[in-house]
Amino acid sequence: MNFMGFRKTNDTSIYSMSIDALKEGYRYKLFSVKEAVQEYLKRIESLDEKIGAFLTVCADSALGEAEAMDEKIAKGQEVGLLGGVPIAIKDNICTRGLKTTCASRVLEDFIPPYDATIIKKLKDAGAIILGKVNLDEFAIGSSTETSAFQRTYNPWNLSKVPGGSSGGSAAAVAAGFAPMAVGTDTGGSIRQPAAFCGTVGLKPTYGAVSRYGLIPFASSLDTIGPITGTVTDCALSFQALRGQDMRDATSAKTGSDIDYVTEMKRGVQGLKIGIVREWFNEDLDPEIEKTVRESAQLYEKAGAWIEDISLPIIDCGISAYYIISSAEASSNLAGYDGLRYGYGTEHFTDIEDLIASTRSESFGKEVKRRIMLGTLVLSSDYYDDYYYKSLLLRKKIRNSFKEIFKQYDLLIMPTTPTLPYDIGELQSNPLEMLYTATMNLAGIPSISIPCGFSNSGLPIGLQLTADHFAEDKLFRGAYQLEQELGIVNRKPDLDIQEVEQNV
Amino acid sequence: VKVERDTIQYITRLSKLKITDYEASELAKDFQQVLECLGNIKEEDLRGLDLEPEVEIPSILRKDEVINFENHRELFQNAKRIRDSFIAIPKVLD
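Engineer: Quick question: what am I supposed to make of the environment of V200(A) here?
Structural biologist: Residues and elements named next belong to chain A. Inspection of the secondary structure assignment puts V200 in strand β6 (residues 200–203). Exposure remark for V200: the relative accessible area of 0% places this residue in the buried category. Once the C-alpha coordinates of V200 and Y15 are considered, the two residues, 185 residues apart in sequence, prove to be 17 Å apart. Not counting chain neighbours up to four residues away, the residues in contact with V200 comprise A194, P226, I227, T228, G229, T230, V231, C234, I447, S448, I449 and P450.

Following this line, the structure appears as structure tokens:
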């Protein structure tokens, strides 16, 4: 199996290490934080030209923070859960003094005067920000191709998309530019790119992680979560991100004292896992179906109860998602008028023209399309048939999941219906979020983990979902599978791809 | 439902955007298809559902207190023009 060339990582390079291994390295003084950060920066500088993950790299501040962290370690001070861990941040999350663009012309020069709550939390936990990564404009999309600034390429095959909207985050982790990148998930925007890039991605329960400082797309669906190389790193990162925040009234206070890393090692013995029939439908790629079903059998061997179940309502989930998310986007993006900050047009006749010209010149095609679709379903002729019905349907979906989770601990399904597709093939296909968007409607948590590779060498993602605030069960299921499959050390080999391209 | 080009023009105004006639025709076709696709929600039985929350959600408003933002310059760094301590916006009235 050496189609694209796997990078076998019994190699000891720092950029191949998990968060755990990095922390061990610091503790035993095998290398300093500064050396680690330098190695990541060097790798980004030499290879990101091919991947296009980063929109902004902040080398100076990262090196400064690394030096400060080394001093702390030398003095034997507490360094935090992510002490000295280099990370990347999706460019729709506000970082004080560091450009935050949402990959849109409208915020091309926007420098936030404050940190998002999760940025504060990550800094308090000792993480070091290497830079900001690419996304679909305003996180609306599923291939990162609607970014106004650059394309991002899938590290496993440079002719494929990395998925989206957190394509920059997933590609950065897969390429070894950072062991963790923060993403956001409104309909699958963490899980789908995590699956396409062979990484682990968690969409937490709605309310588990504060969104203060996240530039919103659809506020009733938006969540923030980690993308990492391993399940352990994902659990650690989630632990650092989570918690109630008085600045986000939707953030909740529940189960804050669980230690996920200890909890996840309990295995799946005795857990009841449902396989939802409707998610293995005619839209699903047969190779993905086979790989996911094989993984389900591994759970059975590990002592879980597996049962086929039916949840017909999820067929409509994608429609309700598309309507609600567009409606909320149209309202959230109404504020970009070019008056106080952000892009403003030079030529206009009156105030209406100033606003309309600003918006038309600075929003990309897909963003405009969603604003208009959202405005349409909120307009009086369409409101009752589309928007209001979607809200009711959302409630029904939530109730159905609540019923299911009275009997089952986890549900298992593919993350995506297709393998990563060619760049330029589909700009925006709502079906890409077919297996992920329903969870955003219900507000329940889901995780995507790599479960194998296609014959063409592309990663395949498996998704687990659980009841509200049952992330511990997701980690138990994900960790078990990671151990059983033993593919966690397979990484794309960027150097070999270069050779192949040059031939 | 048929999405007419007039509807698109109306929606464009509401959205505070500008599009060409050609784009309006294209979007009318596009949205027609999208709405047909999304029409499957109409077949769902939604009787007996309402949007009331099942459990009373306790108010979690934070205390209403003044927190001074120390660095005013930073707060205004994204404004295009500042005059005295105000954000200056383009002249839109004669």
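Engineer: I would appreciate a short explanation of a nonpolar patch on the surface in the present structure.
Structural biologist: A surface patch of nonpolar side chains, amounting to about 310 Å² of accessible area, comprises L378(A), Y383(A), Y388(A) and L51(B). With respect to the helices and strands, Y383(A) occurs in helix α13 (residues 380–407). On the accessibility criterion, Y383(A) (31% relative accessible area) is partly exposed.

Engineer: When you look at the pairing of β6(A) in this model, what are you seeing that I'm missing?
Structural biologist: Looking along a regular strand, one sees side chains alternate from face to face of the sheet. Residue and element names in this part refer to chain A. Taking every second residue as pointing to the same face, both faces of β6 are buried, with V200 and L202 on one and G201 and K203 on the other. As defined by bridge partners, β6 adjoins strand β7 (residues 223–228) across two bridges and the pair is classed as antiparallel. Looking at the pairing, V200 lines up with T228 of β7. Here β6 pairs with strand β11 (residues 446–453) via three bridges, running antiparallel. Residue pairing across strands places K203 opposite S446, the latter belonging to β11.

Engineer: When you look at the packing of aromatic side chains in this model, what are you seeing that I'm missing?
Structural biologist: Here a ring pair, both rings aromatic, is described through the centre-centre distance and the interplanar angle of the planes. All names here are of chain A. For the coordinates displayed, the defined rule picks out 15 aromatic pairs over all chains. Measuring from centroid to centroid gives 5.6 Å for F110 and Y341, while their planes differ by 40°, and the two rings are tilted. Of this pair, F110 sits in the loop between β3 (86–90) and α4 (117–124) while Y341 sits in the loop between α10 (317–332) and α11 (351–362), placing them 231 residues apart in sequence. Between F196 and Y421, the ring centres sit 5.9 Å apart and the planes meet at 85°, which makes this aromatic pair edge-to-face. With F196 in helix α6 (residues 191–196) and Y421 in the loop between β10 (410–414) and α14 (437–442), this pair connects stretches of sequence that are 225 residues apart. Overall, F196 belongs to the buried group, its relative accessible area being 1%. Directly above the ring of Y15 sits R43, whose terminal nitrogen or CZ lies 3.8 Å from the centroid.

Engineer: Any chance you could explain the side chain of T117(A) here in plain terms?
Structural biologist: Topologically, T117(A) is positioned in helix α4. Dropping the residues within four chain positions of it, T117(A) is found in contact with S210(A), Y212(A) and D245(A).

Engineer: When you look at unusual backbone geometry in this model, what are you seeing that I'm missing?
Structural biologist: Only a minority of non-glycine residues have a phi that is not negative, and only a minority of peptide bonds are not trans. All names here are of chain A. Cis peptide bonds are those with omega within 30 degrees of zero, and the linkage from G164 to S165 qualifies with 10°. On the secondary structure map, S165 appears in the loop between β4 (128–133) and α5 (167–174). Unusually for a residue other than glycine, F469 sits at a positive phi of about 60°. Within the secondary structure, F469 is located in the loop between β12 (459–465) and α15 (471–485). Residue F469 is classed as partly exposed on the basis of its relative accessible area, which comes to 28%.

Engineer: Can you walk me through the confidence of the model for chain A in this structure?
Structural biologist: The predicted coordinates ought not to be read in detail in places where the model reports low pLDDT. Residues and elements named next belong to chain A. In this model, chain A carries an average pLDDT of 93, and 95% of its residues clear a pLDDT of 70 or more. Confidence over residues 1–5 falls short of pLDDT 50; this stretch has 17 contacts with residues more than four positions distant or in other chains. This model gives residues 499–503 a pLDDT under 50, and the stretch forms three contacts once residues within four places in sequence are excluded.

Engineer: Hey, could you run me through the nonpolar core in this one?
Structural biologist: Considering soluble globular proteins, one finds that nonpolar side chains tend to be buried as a cluster. Residue and element names in this part refer to chain A. One finds I118, L122, F138, F401 and F475 to be the most contacted residues of the largest nonpolar core, which totals 178 residues. With 10 residues, α13 is the single largest residue contributor to this core. Not counting chain neighbours up to four residues away, the residues in contact with F138 comprise C102, S104, V106, L107, I215, F217, L333, Y336 and F363.

About the thresholds
- Residues numbered from 1 in each chain as written.
- Chains lettered and ligands numbered in written order.
- Predicted model: local features only at pLDDT ≥ 70, side-chain atom pairs only at ≥ 80, totals over all residues.
- Heavy atoms only, no water.
- Helix = DSSP H or I, 4+ residues; strand = E, 2+ residues; numbered from the N terminus.
- Buried < 20%, exposed > 50% of the residue type's maximum accessible area, 1.4 Å probe, protein only.
- Contact = heavy atoms within 4.5 Å.
- Patch = residues over 30% accessible without salt bridge, like charges linked within 9 Å, V, L, I, M, F, W, Y side chains within 5 Å.
- Areas by Shrake-Rupley, 256 points an atom, 1.4 Å probe, with all protein chains shown as cover.
- Salt bridge = Lys/Arg side-chain N within 4 Å of Asp/Glu carboxyl O.
- Pairing = 2+ DSSP bridges.
- Phe/Tyr/Trp six-rings, centres within 6.5 Å; stacked < 30°, edge-to-face > 60°.
- Lys NZ or Arg CZ within 6 Å of the ring centre and 35° of its normal.
- pLDDT = per-residue confidence, 0-100.
- Core = buried A, V, L, I, M, F, W, Y, C linked by side-chain atoms within 4.5 Å.

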